[in-house]
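An overview of the molecular structure
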Amino acid sequence: MRPFLLLFLLFPVLELFVFVKVSGAIGFFPALLLVILGSMLGVFVLRIAGLATALRARESLNRGELPAQTMLEGLMLALGGGLLILPGFISDVLGLVMLLPFTRRLLANKMRQRAEEQAIRQRAFADDLQSRGGPAPREPVGREPDVIEGEFEHRDPK
């Protein structure tokens, strides 16, 4: 958690430093205009990306596929648009990198692989606990619980 706190505190200072350097090279108002244009692009991307991701996910579901890759790429588009909205040149560069199709797919694949590895580790840990007689693990998401069918009769206590 400390690296994130350090990054949270250090990031605005870095953005300000880069802004001062860029404004010294091209002038204050052109640098400010670039930051404002980057934010406008970020708002545009967020508006368009949300609708496009929803449509692609619906198409995947209609074909009978899980839209996991589509959703992850949509998340990358949203993160890229969010980074573009933040004022500063470093966040704009990171946002543009996330918007490029090649890097977006690469990052989405990495995220999917890490999630699958985490799920495998959790499943192995739960199986190990169950084999040792530990508490039964919770049902995984998307799996139907075991159902025992039967009949019952309601009797009035009178």
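Residues numbered from 1 in each chain as written. Predicted model: local features only at pLDDT ≥ 70, side-chain atom pairs only at ≥ 80, totals over all residues. Heavy atoms only, no water.

As recorded by an unreviewed UniProt entry, the protein carries the name Membrane protein FxsA and is attributed to Pseudomonas hefeiensis.

1. Side note on the overall build of the protein
Assigned secondary structure in the protein consists of 5 helices and 0 strands. Start at the N end of the protein and walk to the C end: the helices and strands fall as α-α-α-α-α. Long-range contacts, defined as pairs at least 24 residues apart, comprise 57% of the intrachain contacts of the protein with a sequence gap of at least 6. Summing over all exposed atoms, the protein offers an accessible surface of approximately 12800 Å²; the carbon and sulfur share of this is 68%. (Helix = DSSP H or I, 4+ residues; strand = E, 2+ residues; numbered from the N terminus. Contact = heavy atoms within 4.5 Å. Areas by Shrake-Rupley, 256 points an atom, 1.4 Å probe, with all protein chains shown as cover.)

2. Comments concerning the packing of aromatic side chains
Applying the stated criterion to the full structure yields 3 aromatic pairs. With centroids separated by 5.2 Å and ring planes inclined at 75 degrees, the aromatic side chains of Phe-28 and Phe-29 adopt a geometry described as edge-to-face. You can call Phe-28 partly exposed: its relative accessible area is 44%. Overall, the relative accessible area of 63% leaves Phe-29 in the exposed class. (Phe/Tyr/Trp six-rings, centres within 6.5 Å; stacked < 30°, edge-to-face > 60°. Buried < 20%, exposed > 50% of the residue type's maximum accessible area, 1.4 Å probe, protein only.)

3. Description of the side chain of Ser-91
Inspection of the secondary structure assignment puts Ser-91 in helix H4 (residues 89-99). On the accessibility criterion, Ser-91 (0% relative accessible area) is buried. A polar side-chain atom of Ser-91 sits 3.2 Å from the main-chain carbonyl oxygen of Leu-86. Reaching out from Ser-91, the side chain makes a polar contact with the backbone oxygen of Gly-88 at a distance of 3.3 Å. When residues no more than four places from it in sequence are discounted, the contact partners of Ser-91 are Phe-11, Glu-15, Leu-83, Leu-84 and Leu-86. (Polar contact = N/O pair within 3.5 Å; in protein donor to acceptor, adjacent residues only side chain to side chain.)

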